[in-house]
Number of protein chains: 2
Amino acid sequence: MSRPANRRPENHKISRELFVLTYGALVAQLCKDHDQDEDVNKYLDDMGYSIGIRLVEDFLARSALKKCRSYSETADIIAQGAFKMYLGVTPNVTCTNAKGNVFSLILDKNPLVDFVEELPAARSSLCYCSILCGAIRGALETVNLAAEVTFIQDPLKGDEVTEIGITFLKKVEDKKKKRNK
Amino acid sequence: MSRPANRRPENHKISRELFVLTYGALVAQLCKDHDQDEDVNKYLDDMGYSIGIRLVEDFLARSALKKCRSYSETADIIAQGAFKMYLGVTPNVTCTNAKGNVFSLILDKNPLVDFVEELPAARSSLCYCSILCGAIRGALETVNLAAEVTFIQDPLKGDEVTEIGITFLKKVEDKKKKRNK
């Protein structure tokens with residue numbers, strides 16, 4: 001199941017409904033296979049990480065981006081570039097600390113939960129969209145930016161909005177930094 | 001995880017890459033959990049069935065379709081309506097028997113396998129896109145059309161094209177037939 005080189009689909013868009021329902025089927029399958037919510041969250045995050053590693057290649061190939069000069073610029077590109085391109089939504093970005101390495105991506109509507117009303121009672125610790133955190137982490141790591149990515153607010157847990165926190169852990173300093181453009 | 005009524009996302013399109021990679025993660029997870037290819041195929045088909053049941057509601061709500069008067073018309077709507085709407089591709093449709101109840105949907109390119117080069121050697125009986133058969137079956141059953149849906153040709157098994165066979169099993173005869181429009 002490896003990715004062939006130099007192969008690009010002509011039409012990059014598909015129905016969001018099909019994706020959202022398929023993602024729901026994936027989460028349901030994981031819940032069936034794992035009793036602990038933490039295990040499901042970990043699986044989703046790991047899958048997201050693998051997806052992020054592959055998606056960032058696609059993103060860099062399709063974007064005419066210049067090299068990011070700051071964490072702030074990188075956070076903007078995740079929101080206005082990647083989220084827009086892959087999920088069709090653009091989160092608001094805010095920097096939440098003085099040091100300038102902690103950011104929040106805030107979405108009024110998270111497309112991944114379009115068909116989800118609430119978490120089942122027995123699954124109150126499930127982080128349904130954990131795959132998004134993994135995908136951001138995997139994509140950033142591929143361009144040599146270590147980050148912690150976690151859900152801070154989640155409407156499925158009663159919050160008003162979806163808030164994803166990104167904490168950049170260190171500066172890009174080795175040769176791979178030229179990929180972060 | 002039920003579907004709220006009267007809720008519609010504004011933007012119905014997302015990136016195909018994200019969907020295809022997420023689907024790949026789902027198949028990989030099932031392969032990890034089940035040794036037998038037949039079990040994985042069954043899971044994918046079952047998941048597709050659940051997705052089809054929900055997707056057909058969305059499809060009927062978004063399409064201004066008149067009632068189908070023949071199996072041929074139904075097959076055309078699956079290809080030109082549903083496949084186009086949800087996967088962004090339009091299969092060719094051929095009727096393959098004199099009785100007029102067996103059809104083939106033929107795709108030169110199957111978007112679901114965009115990033116898949118070949119099946120792992122140990123997974124030669126895997127029907128990677130089995131979810132599509134389940135989805136068609138679930139959608140048809142919801143509008144009271146019983147059908148058998150199977151893969152006939154699959155490029156992952158060395159065939160030139162993707163061919164999905166649909167055999168309609170009986171006529172619509174009860175009250176629910178009015179939903180098939």
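Check the entry above for the structure.
Residues numbered from 1 in each chain as written. Chains lettered and ligands numbered in written order. Predicted model: local features only at pLDDT ≥ 70, side-chain atom pairs only at ≥ 80, totals over all residues.

Caption draft 1: Structural view of helix α4 (residues 130-142) of chain A. Residue and element names in this part refer to chain A. The end-to-end C-alpha separation of α4 is 19 Å, in line with the 18 Å expected for 13 residues at 1.5 Å each. Burial analysis of α4 places twelve of its 13 residues in the buried class, the great majority of the element. For α4, every residue scored as buried is listed here: S130, I131, L132, C133, G134, A135, I136, R137, G138, A139, L140 and T142. Buried-residue contacts for α4 involve α2 (37-62), α3 (71-87), β4 (147-153) and β5 (162-168). Within two residues after α4, N144 carries a phi angle of roughly 65°, on the positive side. (Helix = DSSP H or I, 4+ residues; strand = E, 2+ residues; numbered from the N terminus. Expected span 1.5 Å × (residues − 1). Buried ≥ 20, exposed ≤ 12 C-beta atoms within 10 Å, placed from the backbone. Contact = placed C-beta atoms within 7 Å.)

Caption draft 2: Just the relation of the copies chain B and chain A, in detail. It takes a turn of 180° to lay chain B on chain A, together with a shift of 0.0 Å along the axis; the resulting RMSD is 0.0 Å. Here the two chains are linked by the operation of a two-fold rotation axis. (Least-squares fit on C-alpha atoms with pLDDT ≥ 70 in both.)

Caption draft 3: Here's a closer look at the sheet that holds strand β2 (residues 92-95) of chain A. Residues and elements named next belong to chain A. Strand order in the open sheet formed by four strands is β2-β3-β5-β4, and the pairing between neighbours is antiparallel. On the outer flanks of this sheet lie β2 and β4, each paired with one strand and no other. Averaged over all pairs of adjacent strands, the angle between strand axes in this sheet comes to 25°, irrespective of strand direction. In terms of strand pairing, β2 meets strand β3 (residues 102-107) through four bridges, oriented antiparallel. Its bridge partner lying in β3, T94 is registered against S104. Sheet strands touched by α3: β2, β3 and β5. Its angle to β2, the strand with the most contacts, is close to 160°. In this fold α4 packs onto β4 and β5, with an angle of close to 155° to the strand it touches most, β4. (Pairing = 2+ DSSP bridges. Axes fitted to C-alpha atoms, helices over the stretch in contact; angles between N-to-C directions.)

Caption draft 4: How the structure looks around the sheet that holds strand β4 (residues 147-153) of chain B. Residues and elements named next belong to chain B. Sheet architecture is open: four strands sit in the order β2-β3-β5-β4, paired in antiparallel fashion. The strands lining the two open edges of the sheet, one partner per strand, are β2 (92-95) and β4. Going from strand to strand, the sheet's axes swing by 25° on average, the running direction of each strand aside. Looking at chain direction, strand β3 (residues 102-107) and strand β5 (residues 162-168) are connected through six bridges and run antiparallel. The partner of F103 across the bridge, within β5, is I166. Relative to the sheet, helix α3 (residues 71-87) contacts β2, β3 and β5, its axis offset from that of β2 by approximately 160°.

Caption draft 5: View of the interface of chain B and chain A. Each partner contributes to the interface: chain B provides 40 residues, whereas chain A provides 40 residues. Each residue belonging to the side of chain B that touches chain A can be placed in one class, and the counts come to 22 nonpolar, nine polar and nine charged. By the bridge criterion, three bridges tie strand β1 (residues 13-15) of chain A to strand β1 (residues 13-15) of chain B in an arrangement that is antiparallel. Its bridge partner lying in β1(B), A:S15 is registered against B:K13. (Nonpolar A, V, L, I, M, F, W, Y, C, P; charged D, E, K, R; others polar.)

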